[in-house]
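Structural description and commentary
So you can see what is in the structure, the chains are spelled out below.
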Amino acid sequence: MTTKTPKLNRRSFLVGTAAVGSGLVLGLKIPFGTSVVRAQDGSPEINAWVVIRPDDTVVIRVARSEMGQGTLTGLAQLVTEELECDWSKVTTEYPTPGQSVARKRVWGDFSTGGSRGIRNSHEYVRKGGAAARIMLVQAAANGWGVPASECSAANSVITHKPTGRTTTYGKVAEAAAKLPAPAAAEVSLKDPTEWKIIGKPVKRLDTLGKVTGAQVYGADLKLPGMLNASIKECPVFGGKVKSFEADKVKGMPGVKHVVQVRDTAVAVVAETWWQAKTALDALPIVWDEGPNAQVSSATIAETLKAGLDAEQAFVRNQNGDVKTAIAGAAKKVEAVYAYPFQNHAPMEPMNATAKYTPERCEVWVPTQNGEAAFAATTAASGLPADKCEVYKINLGGGFGRRGAFHDYVTQAVLIAKQIPGTPVKLLWTREEDMVQGRYHPVMQSKLVGALDDKGNLTGLHMRLSGQSILTAVFPQNLQDGRDNLTFQGLDPSGDFAFGYSVPHLLIDHAMRNTHVPPGFWRGVNINQNAIFLECFMEELAQAAGKDPLEFRRALMSKHPKHLAVLNAVADRAGWGKPAPQGVSRGLAQMMAFGSYVAACAEVSVTGGDKIKVRRIVCATDPGYAVNPAQIERQIAGSFVYGLSGLFMEECTVKDGRIEQTNFHTYDSMRIAQMPKVESIIMPSGGFWGGVGEPTICVAAPAVLNAYFAATGKRIRTFPLKNHGITMV
Amino acid sequence: MARLTINGKTSEVNVDPSTPLLWAIREQVGLTGTKYGCGMALCGACTVHVDGKATRSCVMPVSAAVGKKITTIEGLATNGTLHKVQKAWVDNEVPQCGYCQAGMIMAVAALLKDKPKPTDADIDKSITNICRCGTFQQVREAIHAAAKA
Ligand code: FES
Ligand code: FES
C-alpha cells in the first residue's frame, strides 16, 4: 500500500507562515463595531475555540502545548465531542499569548506541565465546543425559519428533523458567528455514556509532518535576515563573567557580534550557527566563579544526610503517635535511600528566536507555557505587553524543562536587543543544555517502620531530606515555608494521595536546598517518593515474612482505587503463580496527578549485575481515558524516561558545576533495552487524572523489587550504574 | 566551496571543509528535517544515508561527503509516495515529539535495505538511536510492519 504525501501539512504551513512573516501567525482580526472575529484567512470564529471555514474545515484552538504527549489531539477530541463536528475535518492551531492578553485570557491557562493539559481544562473546552454547536444549530434554524429545538447536529451536518432538510457547518458559519453566545446556563455537557469520540483511540492529528521532515521545530526556524547565536553561561551556578577576549574571534568566518548577556553569559552571533558555535568554542572567557565553586556532590550529600535526623522538619502527613509506635515495636526496620540530580535532556536542545525593535519584540519558541514565555519576553525587552508577542512552535520534547523556565527566551531577547531589527536564533549546544539544566532535585529519605509481633505495620516514619523546587521556582506557593510538592504521592488526600492506612504515621521534610537550580522533571517528586516508599514496603514485607502483595493489601482496604490497579497488574502478571524460569517479579503502586497507577515488572539477572527488564505490566485509572492509544504510548514512553533515570542518569557536581556534558556521560535507554510494556487502562469514571507523568514512578521501584527478588540485594542509591549494574 | 549531491540535487556549499555535514545540510542547503541532538555521534538524530549507508552526519566533515550520494529524510519519499518505513510510522503512530524520528527512520530504512526481514536481535544491534520520548515499543512494531509491507 502507498500513501500520497500531501503537499503541505496544515500545521507546518501555519508555522511556516510564522517563519517567513513576522506578523501574527494566526492574525486574528478583532473588529470594531461588528461582532464577528475572523481568522487570518477570513473564516469566521464561532467562538474563541472554534473557527469554521467555508469548506467545513473545523479549526480548534488549543492553548496547551504539544510536546509529543498527544494533548493537542486529546483536547481537540473534547471540543469535537460537544461540537458534533466531523473529526476528519478537524485541524488545530495555537492562539498566541499576546492574543490571550488582548482577549482577557479567553483560552484560560497555557501551562502544559503537571499532566494538566486535559485534566485542568476538560470542562471549559467542552463547553466551548457545546456553545459553538448551539450557535451553529441556531443559525441553521433561523435560516429555515424553524425553532432550533427541531434541529439536530451530527458530523458537521445540521438536520431539520420534521422536514429532513440539511445544511453544513461551513454554510452557516457566517450567520452563526453573528449570533450572541448562548448563556452559560444553556450550555450543558453530554453525559459520559453518550460520548462518541472521547475514549476512542483516534489517530493523532500531527503525525505526518514528523515522518517527512516537514514539521518545523524551534531549532529549524528561518526568518529573513536572521543571524544565529551560540551561548555560554557561567558553568558554576551563581558565577559571573569576569572578562572575554572578543577580538580573538571577531575575524573568524561569519562572526558578526560577540555580546555579553546580563553579567552571567557570553554569546557569539554569526551568519550560521555552526560558525557561532565554532567561534564561541575559541573565545577565551574568564569566569568569576563566585561562592559556589567549592561545592561538590559529596558536600551536598553531607548537608542532606544531616537533615535525616534533624529535629526540625515540615510535617505533611501525620496520624497517631509514630515515636511511641516505633519505640514499642516488636521489630523495627530502618533504611536510608538517596536520589540524584537528573537532567531533562529533551532531544531538541533549548532554543528561542527573537526580533527586537524599540517598538516591538517578537519571540518564536518551543515552550510548555506560552504565557510564561510571554512574561519573559516583556521583562527582558522592557516593552509593554501590547508591544510583545510570542509564537509557540511545537516542541522537540519538554519533560518539564520548557515550562516554568524561560532562561533561553530571556537570553535570546537580550541578545536581539543588542542588534535591533535583526532576528536572532539562539540554539544551545547539547553541552550547554547539560550544564545549564533545571535539575531533578536531590533527595534522601530515612524510613523507619514498626512491626508488631504478627508482622503488621503499626508505625511508619518517612523523613525526606533535600531540595525544594517551589522554594527556588515559585516561593509564593509555599505554605508557611513548607513545599507540599515535595510530598507528591504521600499526601493525606487529593491528587497525590498516600495509598496505605498506617495506624501511626509521620511523613515530613527537612528542607535542604543547594545552589544547583532545581526543576520539574517528568513526574517531579513522585520518582523518588515511589522508590523510597515502594521499595521500603517490600523491605517491611520481607522483615514481616509476608508476601509483598498481601502485605500491601492489608494496608489498602480504605484505598480501593489504589488497590484496584495493584490487583489488576498482579492478576495480569500472574503474581503468586510461578514465573518463567529465571524470571523474578516486583510490584509498585502510587497515586499521582489525579491518577492511580501500578506496575509489575519481570526481570532476569545474569552475573548479579546485568538486568534484563523483560516485561512490565502497568495499570492506570485516570478516571476518564480520552484516547487509550495515546495513553498506552505515554505509559511506554514514561518507562523509558524513568528507567533511563534509574539505571543511567546522574548529574554530579564538582567545583560547583555539573560534570556531565553529553549523552556519553549522561546516557539514555536504547531499543535493545526496552521491555515489553503491557498497559491496562481502567478508567473508573467521575474524575479526570493525568496521563503523561503518573506511570513514570512505578517502573523503577517495580524493577528494583524484582531485582531484589532475584538476588536478595537491596539497592538504595541511584543510578544503578554506580553499583556496576547495567541494563541489557 | 564544496559540491554536495543531496536527494539527487547538486548544491555548492560555501563552508569551511571541516564543517560537519549536518550543518551544511541544515544551514547551507536548507533542509532542516535532519536534526541536531548531540554533535558527538551518540544519539542518531542526524542520521542520513551516505552512499546508502546510515551515517551520523554531525561528525562527518563536508570534505568527506563530496562526491557521495547523500539522502536525507526529505528525500526518502519518492514522487510524493511515502517510503514504506514512513508509511509504517504513520500507521503505527510512532512519533511523539517527533524530533528523533527523522534519524530513526533513516536508520531503519538502511537496516531494511540490508536485512529486509530483521529479527528483534538485528533491530537491537543496529538501531541505537536515542528517543527521549521513549517510542521504542512502537518503533519495533513499525519496523516489523514495514518489513512485511
Ligand atoms: S547529533 Fe549526530 S548523533 Fe547526535
Ligand atoms: S519522539 Fe521525541 S525524542 Fe523520539
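All values derive from a computational prediction rather than experimental measurement.

Residues and elements named next belong to chain A. Turning to its location among the elements, Ser465 is positioned in strand E20 (residues 457-466). A polar side-chain atom of Ser465 sits 2.6 Å from the main-chain carbonyl oxygen of Leu304. Look past the residues within four positions of Ser465 in its chain and what remains in contact with it is Leu304, Gly307, Leu308, Met443, Gln444, His509, Ala510 and Arg512.

Right, let's talk about the packing of aromatic side chains for a bit. All names here are of chain A. Using the criterion set out here, one finds 21 aromatic pairs over all chains in the structure. On the numbers, 5.8 Å between centres and 35 degrees between planes, the contact of Trp49 with Tyr124 is tilted. In this pair, Trp49 is assigned in the loop between strand E1 (45-47) and strand E2 (50-52) and Tyr124 in helix H4 (residues 122-144), connecting sequence segments 75 residues apart. Of the residues examined, Tyr124 reaches a relative accessible area of 30% and is grouped as partly exposed. Where Trp195 meets Tyr624, the ring centres are 5.0 Å apart and the plane angle is 70 degrees; that geometry is what we call edge-to-face. Highlighted residues: Trp195 in the loop between helix H5 (169-177) and helix H6 (208-212) and Tyr624 in the loop between strand E24 (610-621) and helix H18 (628-648), separated in sequence by 429 residues. Residue Trp195 shares its accessibility class with Tyr624, and that shared class is buried.

Turning to the pattern of salt bridges, a few remarks are in order. Residues and elements named next belong to chain A. Within this structure, the stated rule accounts for 51 salt bridges over all chains. When the shortest N-O distance is used, the salt bridge between Arg204 and Glu66 registers 2.8 Å. Taken as a pair, Arg204 in the loop between H5 and H6 and Glu66 in the loop between strand E3 (58-61) and helix H2 (71-83) lie far apart in primary sequence, 138 residues in all. The same class applies to Arg204 and to Glu66, which are both buried.

With that out of the way, let us pick up unusual backbone geometry. The omega torsion across Phe718 of chain A and Pro719 of chain A is 0 degrees, close enough to zero to call that bond cis. Structurally, Pro719 of chain A is set in the loop between helix H19 (696-711) and strand E28 (726-727). In the Ramachandran plot, Asp480 of chain A falls in the positive-phi region, its phi being about 50 degrees despite a non-glycine side chain. In this fold, Asp480 of chain A is placed in the loop between helix H14 (469-473) and strand E21 (504-511). Positive phi, normally seen in glycine, also occurs at Asn79 of chain B, with a value near 50 degrees. Checked against the element boundaries, Asn79 of chain B lands in the loop between strand E5 (69-71) and helix H3 (84-91). The exposure class assigned to Asn79 of chain B is exposed, which follows from its relative accessible area of 75%.

All names here are of chain A. Sheet architecture is open: five strands sit in the order E13-E21-E20-E19-E14, paired in mixed fashion. One side of each edge strand has no neighbouring strand; the edge strands of this open sheet are strand E13 (314-319) and strand E14 (331-339). Strand-to-strand, the axes of this sheet are offset by a mean angle of 10 degrees, without reference to chain direction. Note: E20 against E21, eight bridges, orientation parallel. Note that in E21 the partner of Arg463 across the bridge is Asp508.

Rules used in this analysis
- Residues numbered from 1 in each chain as written.
- Chains lettered and ligands numbered in written order.
- Predicted model: local features only at pLDDT ≥ 70, side-chain atom pairs only at ≥ 80, totals over all residues.
- Heavy atoms only, no water.
- Helix = DSSP H or I, 4+ residues; strand = E, 2+ residues; numbered from the N terminus.
- Polar contact = N/O pair within 3.5 Å; in protein donor to acceptor, adjacent residues only side chain to side chain.
- Contact = heavy atoms within 4.5 Å.
- Phe/Tyr/Trp six-rings, centres within 6.5 Å; stacked < 30°, edge-to-face > 60°.
- Buried < 20%, exposed > 50% of the residue type's maximum accessible area, 1.4 Å probe, protein only.
- Salt bridge = Lys/Arg side-chain N within 4 Å of Asp/Glu carboxyl O.
- Pairing = 2+ DSSP bridges.
- Axes fitted to C-alpha atoms, helices over the stretch in contact; angles between N-to-C directions.

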